[in-house]
Amino acid sequence: MNVTVVGMRRSIFYPTLAFLVGLGLMLSSCGRPSGDSSKRSETFVFARGSDAQKLDPADVDDGESVNTLAQICEGLVRFRSGTLEIEPCLAESYEISEDGLRYRFRLRNGVSFHDGTALTAEAAVYSFQRQMDPKHPAHLEEASFSYWNYLYQDVLEVRVIGPMELEFVLSQPNASLLYSLAVFPAFLVSPNALAVHGDQFQRHPVGTGPYEFVEWRPNEAIVMKRNEAYWGDPAGFERLVMSVVPDNTVRLLKLKAGEVQGMDGLQPSELDGLEGDDSLVIHREAGLNVGYLAFNLENERLKHREVREAIALAIDRESLASVALSGAGRVAHYPIPKGFLGYPETEERIPFDILKARGIVEANKSLFVEPFEIRVMNAPRQYFPDPVSVATFIKGQLENAGIPVNVVASDFKSHLNTLRNGEFEMGLIGWVGDNGDSDNFLGMFFGSWAAEKGMASNYSFYRNEQMDELLLSARREGDLLNRADLYQDVLDLWRRDLPLLPLVHGDNIAVIDARYEGFELQKIGDLRLGSVRLRGASTEQP
């Protein structure tokens with residue numbers, strides 16, 4: 001998932017109680033509940049720093065869009081809450097052939113999409129075939145379907161086996177496929193809704209999840225209602241609102257005032273002030289993410305490795321982690337989180353060496369005359385709660401080494417577009433792991449297939465045949481020890497070529513009103529609100 005760049009900053013409307021009343025919400029119980037604690041609260045409002053970009057699970061890659069879709073849509077399998085263990089979801093069971101080339105799923109009976117369309121094997125296959133086949137009627141022209149190329153490129157065919165059975169056929173074994181089927185590009189959507197809405201489906205998502213989409217007011221709020229026909233435990237609220245409140249301090253004030261019941265994007269420096277506040281519950285754990293500085297290797301100056309090395313040596317990343325995260329995270333020494341497959345037992349860290357950096361600058365004066373430009377977002381992320389302060393810190397560090405820098409900040413959507421199109425020199429960005437697998441970081445960062453302009457996640461536009469072969473070999477390899485060795489070779493090649501500089505791993509933090517229960521942080525960073533409810537409220541269908 002990712003970070004930001006330029007443009008006029010639009011004025012943002014902060015959703016208020018009056019706005020929510022205008023949506024017809026029952027707000028008498030939207031604030032902190034009182035009285036009979038068993039009474040079902042009608043509305044839950046979750047505040048976040050920026051809006052979703054689009055709501056087609058096959059064509060998103062930003063956290064806000066994913067977190068919204070996680071309330072509306074589901075996949076064949078999912079991660080057991082709070083873990084990286086796979087469990088059935090819309091499929092009640094599955095089996096994998098001995099050669100690893102066939103994955104067969106049997107669907108649950110009696111499940112329907114929000115528009116009443118029955119979940120069948122034919123309906124399920126539709127969600128995958130539309131991504132695979134450019135001639136499919138729902139392979140929308142405006143959509144990139146980039147994740148299909150990244151995570152599912154070994155899938156040759158998805159076919160109907162029986163009324164409630166479907167099968168994936170692979171060209172070669174893929175050790176991470178089952179985990180990739182638990183993430184958002186594999187969410188199932190209604191074929192009928194796609195036929196009705198066409199290219200506007202991204203504004204009218206229809207899935208099988210605990211909440212149904214109602215309304216989207218851009219840069220204000222996305223409103224959902226309880227799915228009364230949900231196959232699992234019913235959602236805890238009549239209405240769920242994902243509210244946009246760009247300012248971190250304002251979000252926290254709204255939470256304390258009872259205008260919202262949950263939030264993320266909290267400044268780490270604000271955590272100490274919440275300790276001992278019994279009205280709020282802080283959820284915090286190490287996040288599976290990395291914030292980094294991407295070097296555009298197509299740039300005339302940054303294509304020189306010595307320039308990238310000087311920049312890396314000039315940044316005191318220990319101090320940066322302290323400034324950026326205030327103890328809510330740690331320095332990133334590699335482009336994958338610690339503990340991931342291939343992470344070295346003995347770290348070989350990039351040092352902070354200002355004298356060596358100055359020496360490189362002095363030896364290559366012509367490459368450092370004009371200021372470099374660092375692009376940055378102005379919206380918080382797990383890895384950069386205050387990204388502009390990170391950019392400002394780096395600017396000071398680099399200028400101390402004789403490297404002039406300008407910082408350009410913009411909204412998240414513009415920033416992503418700038419990076420994807422290679423229209424930058426250096427960019428602050430990050431990634432939150434989708435499936436808990438090393439390939440989901442390293443393949444996205446360094447695979448040449450991820451460096452296509454307009455849909456890139458390899459923002460460095462780094463292309464290396466040896467790197468590609470290592471990544472593909474690791475993806476095929478079923479033996480964990482051999483696979484770990486291949487990823488260590490990938491990391492060696494990364495350090496040699498240095499297409500990006502890892503900076504920090506941020507903690508996953510959310511704060512929830514203490515009068516609500518059922519919230520749990522997810523390892524891959526997505527948001528599940530279907531299980532949240534007022535303490536003591538029934539889980540039975542209303």
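Above this text is the structure in question.
Here the structure is a predicted model, which means the values were calculated and not measured.

## Quick word on the packing of aromatic side chains
Piece 1. Scanning all chains against the criterion turns up 22 aromatic pairs.
Piece 2. With a centroid separation of 5.4 Å and an interplanar angle of 45°, the aromatic rings of Tyr 230 and Trp 231 are classed as tilted.
Piece 3. You can call Trp 231 partly exposed: its relative accessible area is 26%.
Piece 4. Ring geometry for Tyr 334 against Tyr 343: centres 5.0 Å apart, planes inclined by 70°, an arrangement best described as edge-to-face. By the burial criterion, Tyr 334 is buried, and Tyr 343 matches it.
Piece 5. Following the ring pairs from residue to residue traces out a cluster consisting of Tyr 94, Phe 105, Phe 128, Trp 148, Tyr 152 and Phe 168.
Piece 6. Looking at Arg 381, its charged tip hangs above the ring of Phe 412, at a distance of 3.7 Å from the centre.

## Observations regarding the packing of helix α14 (residues 465-476) against helix α15 (residues 480-497)
Piece 1. Put simply, α14 and α15 touch, their axes get as near as 9 Å, and they point 160° apart. Regarding the angle of α14 to α15, the classification is roughly antiparallel. Judged by the twist between their axes, the crossing of α14 over α15 is left-handed. The segment α14 lies against α15, with Gln 466, Met 467, Leu 470, Leu 471, Ser 473, Ala 474 and Arg 475 engaging Arg 483, Leu 486, Tyr 487, Asp 489, Val 490, Leu 493, Trp 494 and Arg 496.

## Digging into unusual backbone geometry
If a residue is not glycine, its phi is most likely negative; likewise, a peptide bond is most likely trans.
Piece 1. Although it is not a glycine, Asn 219 sits at a positive phi angle of roughly 65°.
Piece 2. With respect to the helices and strands, Asn 219 occurs in the loop between β8 (211-217) and β9 (221-226).
Piece 3. Given a relative accessible area of 22%, Asn 219 falls into the partly exposed group.

## Some remarks on helix α12 (residues 412-420)
Piece 1. Among the residues of α12, Phe 412, His 415, Leu 416, Thr 418, Leu 419 and Arg 420 are the ones counted as buried.
Piece 2. For α12, the secondary structure elements touched by its buried residues are β15 (372-377), β16 (405-410) and β17 (426-432).
Piece 3. Its side-chain oxygen 3.3 Å from the backbone nitrogen of Lys 413, Asp 411 forms the N-cap of α12.

## Some thoughts on the nonpolar core
Piece 1. One finds Leu 166 and Phe 168 to be the most contacted residues of the largest nonpolar core, which totals 157 residues.
Piece 2. For Leu 166, the contacting residues outside a window of four places in its chain are Leu 76, Tyr 103, Arg 104, Phe 105, Leu 107, Ala 121, Ala 124, Val 125, Phe 128, Val 158, Arg 159 and Ile 161.
Piece 3. Judged by nonpolar contacts, the second largest core, of 17 residues, contains Val 245, Leu 255, Ala 328 and Val 511.

## Details of the pairing of strand β10 (residues 239-244)
Piece 1. Of all six residues making up β10, five are buried, and the element is well covered by its neighbours.
Piece 2. Pairing of strand β1 (residues 43-48) with β10 involves six bridges; the strand directions are parallel. Across the sheet, Arg 48 pairs through a bridge with Val 244, a residue of β10.
Piece 3. As judged from the five bridges shared by β9 and β10, these two strands associate in the antiparallel manner. Within β10, the position partnered with Ala 221 by the bridge is Ser 243.

## Things to note about the sheet that holds strand β4 (residues 91-96)
Piece 1. Read from one edge of the open sheet, four strands run β4-β5-β7-β6, paired in antiparallel fashion. Two strands lie at the open edges of the sheet, namely β4 and β6 (155-162), each paired on one side alone. Pairs of neighbouring strands in the sheet enclose a mean axial angle of 20°, with direction left out of account.
Piece 2. Direction of pairing for β4 relative to strand β5 (residues 102-107): antiparallel, over a ladder of five bridges.

Reading guide: rules and limits
Residues numbered from 1 in each chain as written. Predicted model: local features only at pLDDT ≥ 70, side-chain atom pairs only at ≥ 80, totals over all residues. Heavy atoms only, no water. Phe/Tyr/Trp six-rings, centres within 6.5 Å; stacked < 30°, edge-to-face > 60°. Buried < 20%, exposed > 50% of the residue type's maximum accessible area, 1.4 Å probe, protein only. Lys NZ or Arg CZ within 6 Å of the ring centre and 35° of its normal. Axes fitted to C-alpha atoms, helices over the stretch in contact; angles between N-to-C directions. Helix = DSSP H or I, 4+ residues; strand = E, 2+ residues; numbered from the N terminus. Parallel < 35°, antiparallel > 145°, perpendicular 65-115°, else oblique. Left-handed = near helix turned anticlockwise from the far one by under 90°. Contact = heavy atoms within 4.5 Å. Polar contact = N/O pair within 3.5 Å; in protein donor to acceptor, adjacent residues only side chain to side chain. Core = buried A, V, L, I, M, F, W, Y, C linked by side-chain atoms within 4.5 Å. Pairing = 2+ DSSP bridges.

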